Amino acid sequence: MELTEATRKECSKKPAMGFFIQSSRALFARALFLYLVFALTVSTAFADGASGVTNIFKPDGTPARGISNFAMLVLAVCAVIFAIVMGLLVYTVIRFRRRRGDDKNEPPQVYGSNQIELAWTVIPILIVFVLSLVTARTIAEIQNATPPPKALQATVVGHQWWWEIRYPDLGVVTANELHIPVSDPAQPRPTFLKLESADVAHSFWVPQLAGKTDVIPNRDNRMWIDAMTPGTYLGNCAEYCGTQHARMLIRVIVHPPGEFEKWVAAQQGAGANDIQAKGGRDIFLSNSCVNCHTVRGTEANGKFGPDLTHLMSRETLGSGAALNTPEKLRAWVRNPQNLKQGCYMPDMQLTDEEMDQLVRYLLTLN
Ligand code: CUA
């Protein structure tokens with residue numbers, strides 16, 4: 001194609017080097033800012049190790065610890081390489097800089113040194129070999145673990161955008177909160193998870209307990225966790241799965257010895273049948289709520305949405321979209337799209353009076 005005169009003029013202009021020179025101070029300020037943010041993030045991550053934050057630097061389970069140790073080894077190896085390369089580079093730049101009185105001739109160019117070329121071929125091969133062996137060992141240790149007889153079995157089903165949690169041996173179904181017993185290293189009590197998806201690909205990730213495992217339709221993936229400290233561990237879906245991927249949070253609640261059994265006993269009961277809340281219960285059962293939700297002990301046995309039998313025993317609504325308080329519960333049912341735009345729960349178009357009654361009923365489901 002023929003270049004027009006204007007294009008040719010435009011192309012022959014010098015690149016705007018001035019821009020880079022003038023803004024080098026701004027670039028430096030930006031780099032400093034980014035560094036400070038990074039340093040702050042890392043220091044908070046290391047300092048705030050208590051459960052309650054998603055934190056890859058404070059592993060508290062065997063699989064997470066294996067991955068973390070391996071990551072630290074890779075980081076250490078890379079740090080040593082970085083220090084050597086940068087050290088040599090800085091040394092060379094300073095030692096061989098142009099000085100006043102240098103002649104303008106190019107220095108002698110040296111090619112070919114068998115020793116140096118051998119060194120920079122063999123050393124990286126050795127490093128990669130060692131790292132691949134450690135990788136294989138870490139993967140094998142995590143994947144080949146066999147469940148001890150006392151292991152808890154749970155099924156986690158990823159939905160757009162919430163987690164269904166089933167304990168097939170215990171007859172318990174809940175949502176968004178995985179309750180497990182604490183695992184004492186002397187008497188390990190790990191939880192083995194079967195991961196299924198009801199729709200698209202998700203990924204189950206609780207950083208303090210284990211690595212990510214994809215949750216894929218028509219495929220059962222498996223993983224296991226063993227939390228060493230009672231408390232709440234936060235996690236999230238780690239595979240983009242649609243509009244509300246970011247509000248597909250998971251809580252793992254680790255019970256101290258003896259407490260898990262109490263939780264199971266409470267969850268095994270049917271939904272509350274409080275006579276005071278009969279009006280709201282009738283509204284719930286006569287609306288399309290029942291097509292999606294189950295409340296054990298009633299005709300409601302929908303499977304599309306979370307099981308509500310013990311709704312009020314859970315800490316959040318909408319898979320972490322809001323805390324489960326009476327006000328938020330009302331706001332959630334009034335219009336779920338306000339709290340979680342795009343979610344599949346519709347506004348039921350109830351009157352204020354009906355809303356009051358319905359929420360009063362839901363609050364009894366503890
Ligand atoms: Cu589920 Cu992202």
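Values in this document were obtained by computation on a predicted structure and should not be read as measured data. (Residues numbered from 1 in each chain as written. Predicted model: local features only at pLDDT ≥ 70, side-chain atom pairs only at ≥ 80, totals over all residues. Heavy atoms only, no water.)

S.K.: Please explain the overall build of the protein chain as it appears in this structure.
M.R.: The helix and strand tally for the protein chain stands at 11 helices and 12 strands. Of all 366 residues assigned to the protein chain, the portion counted as buried reaches 35%. Counting only contacts in the protein chain whose residues sit at least 6 apart along the sequence, the fraction spanning at least 24 positions is 62%. (Helix = DSSP H or I, 4+ residues; strand = E, 2+ residues; numbered from the N terminus. Buried < 20%, exposed > 50% of the residue type's maximum accessible area, 1.4 Å probe, protein only. Contact = heavy atoms within 4.5 Å.)

S.K.: Can you walk me through helix 6 (residues 259–268) in this structure?
M.R.: It helps to recall that an α-helix has 3.6 residues per turn; residues three or four apart then point in one direction. Those residues of helix 6 lying buried are Phe-260, Trp-263, Val-264 and Gln-267. Viewed along the axis of helix 6, the buried residues span an arc of 100°, placing them on a single side of the element. Of the surrounding elements, those touching the buried residues of helix 6 are strand 1 (152–159), strand 2 (162–167), strand 3 (172–175), strand 4 (177–181) and strand 10 (249–255). (Arc of directions from axis to C-beta.)

S.K.: Sorry if this is basic, but what is going on with unusual backbone geometry here?
M.R.: Only a minority of non-glycine residues have a phi that is not negative, and only a minority of peptide bonds are not trans. In this structure, the amide linkage connecting Gln-160 to the following residue, Trp-161, adopts the cis form with an omega of 0°. With respect to the element layout, Trp-161 can be found in the loop between strand 1 and strand 2. If you check the backbone angles, Asn-218 has positive phi at about 60° while not being a glycine. Among the secondary structure elements, Asn-218 is positioned in the loop between strand 7 (213–215) and strand 8 (221–225). What makes Asn-218 exposed here is its relative accessible area of 83%. Despite not being glycine, Gln-349 shows a phi value in the positive range, around 55°.

S.K.: Any chance you could explain the pattern of salt bridges here in plain terms?
M.R.: A side chain with one charge may pair with a side chain of the opposite charge, provided their charged atoms come close. Within this structure, the stated rule accounts for 12 salt bridges. For Asp-356, the salt bridge is made with Arg-330, and the minimal N-O distance between the two is 2.6 Å. With Asp-356 in helix 11 (residues 352–363) and Arg-330 in helix 9 (residues 326–334), the pair connects residues that are 26 residues apart, well separated along the chain. Overall, the relative accessible area of 27% leaves Arg-330 in the partly exposed class. For Arg-334, the salt bridge is made with Asp-352, and the minimal N-O distance between the two is 2.9 Å. Residue Arg-334 is located in helix 9, and its partner Asp-352 is located in helix 11; the two are separated by 18 residues in the primary sequence. For Arg-334, a relative accessible area of 24% corresponds to the partly exposed category. In the salt-bridge network here, residues are joined through shared partners; they are Lys-194, Glu-196 and Asp-220. (Salt bridge = Lys/Arg side-chain N within 4 Å of Asp/Glu carboxyl O.)

S.K.: Is there a simple way to explain the environment of Arg-251 in this structure?
M.R.: With respect to the secondary-structure elements, Arg-251 resides in strand 10. In the structure, Arg-251 is positioned 19 residues away from Thr-232 in sequence and 6.5 Å away in space, judged by C-alpha atoms. With residues up to four places along the chain from it excluded, the contact list for Arg-251 reads Asn-176, Glu-177, Leu-178, Thr-232, Tyr-233, Leu-234, Glu-315 and Thr-316.

S.K.: What exactly am I supposed to notice about the sheet that holds strand 7 here?
M.R.: Strands pair in a sheet through their backbones, by hydrogen bonds, and they do so in one of two ways: parallel or antiparallel. On the basis of which strands lie adjacent, the open sheet formed by five strands has the order 4-10-9-6-7 and mixed pairing. Edge positions in the sheet fall to strand 4 and strand 7, since each of these pairs with one other strand and no more. On average, each strand axis in the sheet is inclined to that of its neighbour by 25°, with strand direction left out of account. Alignment of strand 9 (residues 231–237) against strand 10, held across six bridges, turns out to be antiparallel. Across the sheet, Leu-234 pairs through a bridge with Arg-251, a residue of strand 10. Contacts from helix 6 reach strand 4 and strand 10 within the one sheet, and its direction differs from that of strand 4 by about 135°. (Pairing = 2+ DSSP bridges. Axes fitted to C-alpha atoms, helices over the stretch in contact; angles between N-to-C directions.)

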